[in-house]
Amino acid sequence: MIVLEEIKKGSLRDNLLIKRYNPNDKYHNLYEIASSLSALFKSNLIHGDFHSGNLLSEDEFSIYISDFGLSRRVDKSINSNDIYGVIPYMAPEVLRGKPYTKASDIYSFGIIMWEFTSGVPAFNDVPHDFELSLQICKGHRPEIIEGTELDYVELMRRCWDNDPEKRPTAKELSEIFDVWSTKYLMEMDYKKRKSVPENVHVINHPLSCYTSRKIDYSAKLNEILSQELSSKIVIDEGKDINELSEDLDELKI
């Protein structure tokens, strides 16, 4: 038996509306999350199931990463048929059956960044099914919330880039949020912190699913995406090799 400290405030997902109405929270919270993720990566480990339900809020200021059931060493191979996760946080390359990497955790971090600005779980208004997975692979992402700081939006988009090579490292994220957390200070006075209006509630789509489950349609995703790319690329006298290369890069075939 292992006795752990009780986290009375629950997960970050349980507190997203509070974060939305106290927007400066996100800078310090994300600094702590990025720092913890960086420490994990330094140990040559990846989380593998990184989402707001696995981030625990001890209080307004401290957040811990939890649930390492799918965590593993970076160099440990995994069968492409054994893909598990929560679809809104899964990187497109993982949905397509490629190995989970540190960059895949960074993609999930980008989705969590968006949730701090929205107050709701990502894609909570649509079914979490094959169609959503297909759209994510095509580059579909949550709609940017009006009023979000431009620097924040740019960093968020880097995190959820379709190309894993273009995503920032956890160390870079930690350094950026370290600076931003001193620029945008959290409200420490509990009396001045904003509460969620009583008429504001989150209603998720009945076919949304925020628990990890097996994804067994990577081959079908790749087949559809390959067919669409083949129909798009038309070799003619006006298209040079550089243009063809850009077309291939779009879907990372």
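Conventions and cut-offs
Residues numbered from 1 in each chain as written. Predicted model: local features only at pLDDT ≥ 70, side-chain atom pairs only at ≥ 80, totals over all residues. Heavy atoms only, no water. Helix = DSSP H or I, 4+ residues; strand = E, 2+ residues; numbered from the N terminus. Buried < 20%, exposed > 50% of the residue type's maximum accessible area, 1.4 Å probe, protein only. Areas by Shrake-Rupley, 256 points an atom, 1.4 Å probe, with all protein chains shown as cover. Contact = heavy atoms within 4.5 Å. Axes fitted to C-alpha atoms, helices over the stretch in contact; angles between N-to-C directions. Parallel < 35°, antiparallel > 145°, perpendicular 65-115°, else oblique. Left-handed = near helix turned anticlockwise from the far one by under 90°. Nonpolar A, V, L, I, M, F, W, Y, C, P; charged D, E, K, R; others polar. Salt bridge = Lys/Arg side-chain N within 4 Å of Asp/Glu carboxyl O.

> Would you mind going over the overall build of the protein with me for this structure?
If you tally the helices and strands in the protein, you get nine helices and six strands. Counting every position in the protein, which comprises 253 residues, the buried fraction comes to 45%. Accessible surface, the protein: about 13,700 Å² in total, of which carbon and sulfur atoms supply 52%.

> I'm lost on the side chain of S66 in this one. Help?
If you trace the backbone, S66 turns up in the loop between strand 3 (63-65) and strand 4 (72-73). What makes S66 buried here is its relative accessible area of 15%. Excluding anything up to four places from it in sequence, S66 contacts H47, N54, L55 and L56.

> Can you walk me through the packing of helix 4 (residues 102-118) against helix 7 (residues 170-183) in this structure?
In the contact formed by helix 4 and helix 7, the axes pass within 11 Å of each other and the chain directions differ by 30 degrees. Taken together, helix 4 and helix 7 sit at an angle that is classed as roughly parallel. With respect to the hand of their crossing, helix 4 and helix 7 are arranged in left-handed fashion. Contact with helix 4, carried on its side by I106, F109 and M113, involves A170, L173 and F177 of helix 7 and no other residues of that element. Along the lines of polarity and charge, the residues of the contact of helix 4 with helix 7 split into six nonpolar, no polar and no charged.

> Whenever I open this one, the pattern of salt bridges confuses me. Can you help?
Opposite charge on two side chains permits pairing when their charged atoms draw close. Tallying each qualifying case throughout the model produces nine salt bridges. Of the charged contacts, one joins E60 and K9 as a salt bridge, the two residues approaching to 3.5 Å between their closest N and O atoms. Here the residue E60 occupies a position in the loop between strand 2 (55-57) and strand 3, and K9 occupies one in the segment before helix 1 (16-21), the gap between them amounting to 51 residues. Residue E60 is classed as buried on the basis of its relative accessible area, which comes to 13%. The salt bridge involving E149 is made with K26; its shortest N-O contact spans 3.8 Å. With E149 in the loop between helix 5 (130-137) and helix 6 (150-159) and K26 in helix 2 (residues 25-42), this residue pair connects regions lying 123 residues apart in the sequence. Residue E149 is classed as partly exposed on the basis of its relative accessible area of 28%. Here K26 falls in the buried class, since its relative accessible area comes to 5%. Overlapping salt bridges bring together K19, D25 and R193 as one network.

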